[in-house]
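Secondary and tertiary structure notes
Each chain is listed here by its residues.
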Amino acid sequence: MIFRKLLFDNAEREIIDKLLEPGVSKRKGEEDLFKKFSYFVREGVRKHSLSEDEALDAYSDTVMVAIDKIINASFKAESSLKTYIFQIFHNKCVDLIRKKTTNKNSVHNTSSLSDMLVQVPDTCKPIIQQMMEKANWELLKDILDKLGGNCKQLLLLFADGFSDKAIAVELVYKTADVVKTSRLRCIEKLRQLYKPKK
Amino acid sequence: MEKIEYIDDYFKGVIIPEKKSVFEQRLLTDKDFAEEVAFYLSIVQVARTSNNEIKRGHLRELYYNNISHNSVPTTLRKLWPYAAMIAAALITLVVGFYLYTQPVTEPSKLADAYFSDHVLTMGVPMGNTNGLLIQGRDLYNVGNYSGSLKKFKELLERDTSNTEAKEYAGLAAFKLNDYKTAFNYFAQVAGKEDLIANPGKFYQALTLMKQNTPFDKENYKRLLSEVVKDNLFGKEEAVIFLKKLN
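Residues numbered from 1 in each chain as written. Chains lettered and ligands numbered in written order. Predicted model: local features only at pLDDT ≥ 70, side-chain atom pairs only at ≥ 80, totals over all residues.

1. Some remarks on the overall build of chain B
- Counting secondary structure elements, chain B contains 12 helices and zero strands.
- In chain B, the succession of α and β elements from N to C terminus is α-α-α-α-α-α-α-α-α-α-α-α.
- Within chain B, buried positions represent 32% of all 246 residues. (Helix = DSSP H or I, 4+ residues; strand = E, 2+ residues; numbered from the N terminus. Buried ≥ 20, exposed ≤ 12 C-beta atoms within 10 Å, placed from the backbone.)

2. Let's talk about the overall build of chain A
- In terms of regular secondary structure, chain A is built from 12 helices and zero strands.
- Sequence-ordered secondary structure for chain A, helices as α and strands as β, is α-α-α-α-α-α-α-α-α-α-α-α.
- Looking at chain A residue by residue over its 198 residues, the buried ones come to 29%.
- Within chain A, counting contacts between residues at least 6 apart in sequence, those at least 24 apart form 54% of the total. (Contact = placed C-beta atoms within 7 Å.)

3. A closer look at the packing of helix α9 (residues 179-190) of chain B against helix α10 (residues 200-211) of chain B
Residue and element names in this part refer to chain B.
- Packing of α9 against α10 leaves a shortest axis separation of 7 Å and a crossing angle of 160 degrees. Considering the angle they form, α9 stands roughly antiparallel to α10. Crossing of α9 against α10: the hand is left-handed. Here Tyr179, Ala182, Phe183, Phe186, Ala187, Val189 and Ala190 of α9 lie close against α10, whose contacting residues are Gly200, Lys201, Tyr203, Gln204, Thr207, Lys210 and Gln211.
- Taken together, the residues of the contact of α9 with α10 sort by class into eight nonpolar, four polar and two charged. (Axes fitted to C-alpha atoms, helices over the stretch in contact; angles between N-to-C directions. Parallel < 35°, antiparallel > 145°, perpendicular 65-115°, else oblique. Left-handed = near helix turned anticlockwise from the far one by under 90°. Nonpolar A, V, L, I, M, F, W, Y, C, P; charged D, E, K, R; others polar.)

4. Let's talk about the confidence of the model for chain B
All names here are of chain B.
- Scored by pLDDT, chain B has a mean of 81; 84% of the residues are at 70 or more.
- Averaged pLDDT values over the elements of chain B bottom out at 70 in helix α4 (residues 74-101) and peak at 92 in α9.
- For this predicted complex, the interface score ipTM comes out at 0.75, while the overall pTM is 0.51. (pLDDT = per-residue confidence, 0-100.)

5. Describing the interface of chain B and chain A
- Listed per partner, the contact involves 36 residues of chain B and 36 residues of chain A.
- Element by element, the count of residues in the side of chain B that touches chain A is highest for helix α3 (residues 31-67) of chain B, at 24 residues.
- Residues that form the side of chain B that touches chain A fall into these classes: 21 nonpolar, seven polar and eight charged.

6. Quick look at the environment of Leu206(B)
Residues and elements named next belong to chain B.
- In this fold, Leu206 is placed in helix α10.
- With 35 residues separating them in the primary sequence, Leu206 and Phe241 have C-alpha atoms 9.8 Å apart.
- With residues up to four places along the chain from it excluded, the contact list for Leu206 reads Ala111, Tyr114 and Phe115.

7. Re the environment of Ile16(A)
All names here are of chain A.
- Checked against the element boundaries, Ile16 lands in helix α2 (residues 10-19).
- Given 17 C-beta atoms within a 10 Å radius, Ile16 is considered partly exposed.
- In this structure the C-alpha to C-alpha distance between Ile16 and Leu81, which are 65 residues apart in sequence, comes to 9.0 Å.

8. Here we look at the nonpolar core
- Of all hydrophobic cores here, the largest spans 37 residues; its most connected members are Ala169(B), Ala172(B) and Ala205(B).
- Those elements that place two or more of their residues in this core are α5 (107-117), α6 (131-141), α7 (145-158), α8 (163-175), α9, α10, α11 (216-229) and α12 (235-245) of chain B.
- In this structure, Leu155(A), Cys186(A), Leu190(A) and Tyr40(B) belong to the second largest nonpolar core, which totals 30 residues. (Core = buried A, V, L, I, M, F, W, Y, C linked by C-beta atoms within 7 Å.)

9. Quick word on helix α9 (residues 137-146) of chain A
All names here are of chain A.
- Every buried residue of α9 is listed here: Leu140, Ile143 and Leu144. Along the long axis of α9, the arc covered by the buried residues comes to 100 degrees, so they all point the same way. Relative to its buried face, α9 has exposed residues pointing more than 90 degrees away, namely Glu138, Asp145 and Lys146. (Arc of directions from axis to C-beta.)

10. Some remarks on the packing of α6(B) against α7(B)
All names here are of chain B.
- The N-to-C vectors of α6 and α7 enclose an angle of 165 degrees; their axes lie 7 Å apart at closest approach. On the basis of the axis angle, α6 is roughly antiparallel to α7. Seen from above, α6 lies across α7 with left-handed handedness. Contact with α6, carried on its side by Leu132, Leu133, Gln135, Gly136, Leu139 and Tyr140, involves Tyr145, Gly147, Ser148, Lys151, Phe152, Glu154 and Leu155 of α7 and no other residues of that element.
- Its residues placed into classes, the contact of α6 with α7 shows seven nonpolar, four polar and two charged.

As structure tokens, this is what we get:
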């Protein structure tokens with residue numbers, strides 16, 4: 001355990017702590033993490049012959065994946081944060097080079113369907129997965145973008161891992177319960193707008 | 001609404017174990033219910049994708065505005081001051097040798113030689129995360145002096161005490177042959193007494209040398225003498241200039 005603690009310097013420890021806190025601290029942690037290893041972008045340009053923009057895309061995705069892993073406790077702390085990020089970044093760069101000729105955007109798919117189905121028992125997963133694959137993603141995104149009021153913000157924050165309590169603080173709602181009711185109404189509204197067009 | 005709340009509670013993990021197993025059983029037997037669950041997860045997925053797009057844009061902005069030039073590993077950052085000192089010493093030697101051996105004695109040509117060989121590009125604004133400063137520097141380095149000056153002026157409107165911006169604005173104005181503006185900026189830099197290496201007075205002298213009107217001769221010689229006497233930035237060059245100009 002002591003060895004594991006020694007794998008992180010103070011700055012890395014501080015970043016991880018911030019990421020594990022809700023709300024504004026988490027955002028600060030995201031920015032700090034991004035800044036800390038942003039020189040990897042130059043490595044991507046130098047070692048993988050990517051353009052700066054491509055290396056930056058790969059690095060941004062790397063940071064987002066790492067944040068997800070840290071928050072979801074999939075990051076086992078078996079290496080320093082730097083080594084961990086570098087490994088993901090290297091894979092992203094290789095992935096990008098491989099996919100450059102086919103579908104460049106697929107490198108951006110940082111959260112897969114399987115991530116979301118973890119909580120569902122294995123027996124139910126194929127059913128849900130099949131139904132989700134049939135969803136009209138573009139239409140859903142279009143409706144989400146057009147949702148009025150605080151709906152979009154509420155749903156984006158919720159999907160970003162904010163609790164209702166943290167959303168209440170962020171968007172100045174009276175209580176977490178009000179946030180929950182409003183958020184569920186937004187899903188209901190989205191459902192109604194999606195149904196007839198589907 | 002109740003159904004959505006039920007699904008929401010399940011995925012937030014706040015549902016009681018008995019209800020949880022009923023929920024999971026219902027997924028296998030009730031197609032409509034399974035569709036509701038799939039829809040709920042699809043929304044979260046779409047929102048996540050949107051979040052990622054927003055974050056990617058934000059990170060891109062963060063990179064280009066603030067950190068692409070600053071974020072070097074600590075070891076490199078530690079070595080940078082030594083590398084800069086060695087580079088500055090070498091440049092001074094080369095420029096000094098050039099100036100000393102060249103028969104050029106015309107003040108404006110001496111100033112031109114200094115600014116073309118010595119201050120061709122502005123260095124990385126270490127420790128300063130101001131985007132406008134970096135943008136202005138980048139424009140300067142590609143020869144867009146008017147664009148560069150505009151950025152520095154914009155920055156100075158927001159932060160009137162930014163000495164780096166004043167120095168760079170003076171350099172850009174110098175390149176634009178706007179000597180009055182350049183001189184004023186350099187004078188403001190020279191007025192800052194808390195800088196370790198203040199180039200203000202030396203640059204003022206160079207500006208007057210470049211302008212080279214009959215009224216300037218006495219002033220640039222006086223400024224160069226002060227640079228030597230007070231051991232200010234540009235002292236070595238000032239000694240050579242004074243020898244050549246006398």
